[in-house]
Amino acid sequence: MKILVTAFGPFGPDAENSSLNALSALPEIIGEDMVVKAVLPVVFGRCGEVIRSLMFVIRPDAVVSLGQAAGRDSVTPELIAKNVRNCTVPDNEGQIFTADTIARDGAPQLSSTLPSDEIVGALTAAGIPAKISDSAGTYVCNDLMYSLLGCAAVPAGFIHLPVSDSIAAARKIPVPHMDQKDIDRAVLIAVKTVLGSLRGK
């Protein structure tokens, strides 16, 4: 099988992104399965265009998209993506939106099709703080998740990760954080859980 895993590059005040670091650490082969990696732009609209193109070219059996959420102390699979763009922090092209929509005639919200409960269970069993989240926010992460769920005919969804220790240390205001090695391990466990779910294990 083939699973597409995506991450974002740095944005806002951070010189790193814990999701990109975790993607880099993820192996390209897990057992008999192939992991295809992609880094998406932190840009409203464009992230969705890129994921749709990747879906068409790669034809994956599942998609796990990753992003960084400052302020969270757990790994959080997202349940819902909202048809909303609303932010005070500009994306990497300087765009700011106030109560705008992602898709003019789109559904108000779309739901993840990943085995979120299984992912949380596997992470918790491995000693990694994890819980379900019902809000992906209204920034680019949500933008991507909504676009992904709108085009994916395979299990797909989004997982938010805490900032790493090094990212937290570089910030002037203290934020919750997690060791990058634990973040890397969490992503590997999540991907293995999705692959196992596809195989009925």
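A brief structural summary. If you're wondering where the values come from, they're calculated on a predicted model, not measured in any experiment.

Bringing the sheet that holds strand 1 (residues 2-8) into the picture now. Paired through their backbone hydrogen bonds, the strands of a sheet run either parallel or antiparallel. Overall, mixed pairing links the 6 strands, which are arranged 2-3-1-4-8-5 in an open sheet. A single partner strand is all that each edge strand has here, and the edge strands are strand 2 (29-30) and strand 5 (76-77). In terms of strand pairing, strand 1 meets strand 3 (residues 33-40) through 7 bridges, oriented parallel. When the sheet's bridge partners are listed, Lys2 is paired in strand 3 with Met34. Sitting on the sheet, helix 4 (residues 140-151) is in contact with strand 1, strand 3, strand 4 (62-68) and strand 8 (156-161), with an inclination near 165 degrees to strand 8.

Attention now goes to the pairing of strand 8. Note on strand geometry: in a regular strand, side chains alternate between the two faces of the sheet. Strand 8 sits mainly inside the fold: 6 of its 6 residues count as buried. The alternating pattern of strand 8 places Ala156, Phe158 and His160 on one face and Gly157, Ile159 and Leu161 on the opposite face, and all of these are buried. Two elements, strand 4 and strand 8, share 6 bridges in a ladder whose sense is parallel. Residue pairing for strand 8: Ser65 is matched across the bridge by Phe158. One ladder, built from 2 bridges, connects strand 5 with strand 8; its direction is antiparallel. Pairing of Pro77 across the sheet is with Ile159, part of strand 8.

Moving on to the nonpolar core. By size, the foremost hydrophobic cluster in this structure holds 30 residues, and its most contacted members are Leu4, Phe8 and Ile51. Elements that contribute at least two residues to this core include exactly strand 1, strand 3, helix 2 (46-58), helix 4 and strand 8. Per element, the largest residue contribution to this core is 7 residues, and it comes from helix 4. Discounting chain neighbours no more than four positions away, the residues touching Ile51 are Leu4, Thr6, Leu40, Ser65, Leu144, Ser147 and Leu148. Ranked by size, the runner-up nonpolar core spans 29 residues in total, among them Ala22, Met178, Ala186 and Val194.

For helix 3 (residues 116-125), the full list of buried residues reads Ser116, Ile119, Val120 and Leu123. Viewed end-on, helix 3 has its buried residues packed into an arc of 95 degrees, placing them on one side of the element. Every exposed residue of helix 3 that faces more than 90 degrees away from the buried side is listed here: Asp117 and Ala125. Buried-residue contacts for helix 3 involve strand 5, strand 8 and helix 6 (180-198). Looking one or two places after helix 3, you find Gly127, whose phi comes out positive at around 80 degrees.

With that settled, the discussion passes to the side chain of Asn142. Within the secondary structure layout, Asn142 lies in helix 4. The class of Asn142 is buried, set by a relative accessible area of 0%. Among the polar contacts made by the side chain of Asn142, one reaches the main-chain carbonyl oxygen of Lys82 at a distance of 2.8 Å. Each residue touching Asn142, except ones within four places of it in the same chain, is listed here: Ile80, Ala81, Lys82, Val84, Ile102, Ala136 and Gly137.

Let us now look at the environment of Ala7. Inspection of the secondary structure puts Ala7 in strand 1. Judged by its relative accessible area of 0%, Ala7 is buried. Taking the C-alpha atoms as reference points, Ala7 and Gln180, separated by 173 residues in sequence, lie 15 Å from one another. Contact partners of Ala7, with chain neighbours within four places excluded, come to Ser19, Leu20, Leu23, Ala38, Val39, Leu40 and Leu66.

Next up on the list: the packing of helix 3 against helix 6. At a minimum axis separation of 9 Å, helix 3 and helix 6 run at an interaxial angle of 135 degrees. By the angle between their axes, helix 3 is oblique relative to helix 6. Helix 3 and helix 6 meet at a crossing whose hand is right-handed. Between helix 3 and helix 6, the residues in contact are Glu118, Ile119, Ala122 and Leu123 and Ala186, Ile189, Ala190, Thr193, Val194 and Ser197, respectively. In the contact of helix 3 with helix 6, the residues fall into 7 nonpolar, 2 polar and 1 charged.

Procedures and definitions
Residues numbered from 1 in each chain as written. Predicted model: local features only at pLDDT ≥ 70, side-chain atom pairs only at ≥ 80, totals over all residues. Heavy atoms only, no water. Pairing = 2+ DSSP bridges. Helix = DSSP H or I, 4+ residues; strand = E, 2+ residues; numbered from the N terminus. Contact = heavy atoms within 4.5 Å. Axes fitted to C-alpha atoms, helices over the stretch in contact; angles between N-to-C directions. Buried < 20%, exposed > 50% of the residue type's maximum accessible area, 1.4 Å probe, protein only. Core = buried A, V, L, I, M, F, W, Y, C linked by side-chain atoms within 4.5 Å. Arc of directions from axis to C-beta. Polar contact = N/O pair within 3.5 Å; in protein donor to acceptor, adjacent residues only side chain to side chain. Parallel < 35°, antiparallel > 145°, perpendicular 65-115°, else oblique. Left-handed = near helix turned anticlockwise from the far one by under 90°. Nonpolar A, V, L, I, M, F, W, Y, C, P; charged D, E, K, R; others polar.

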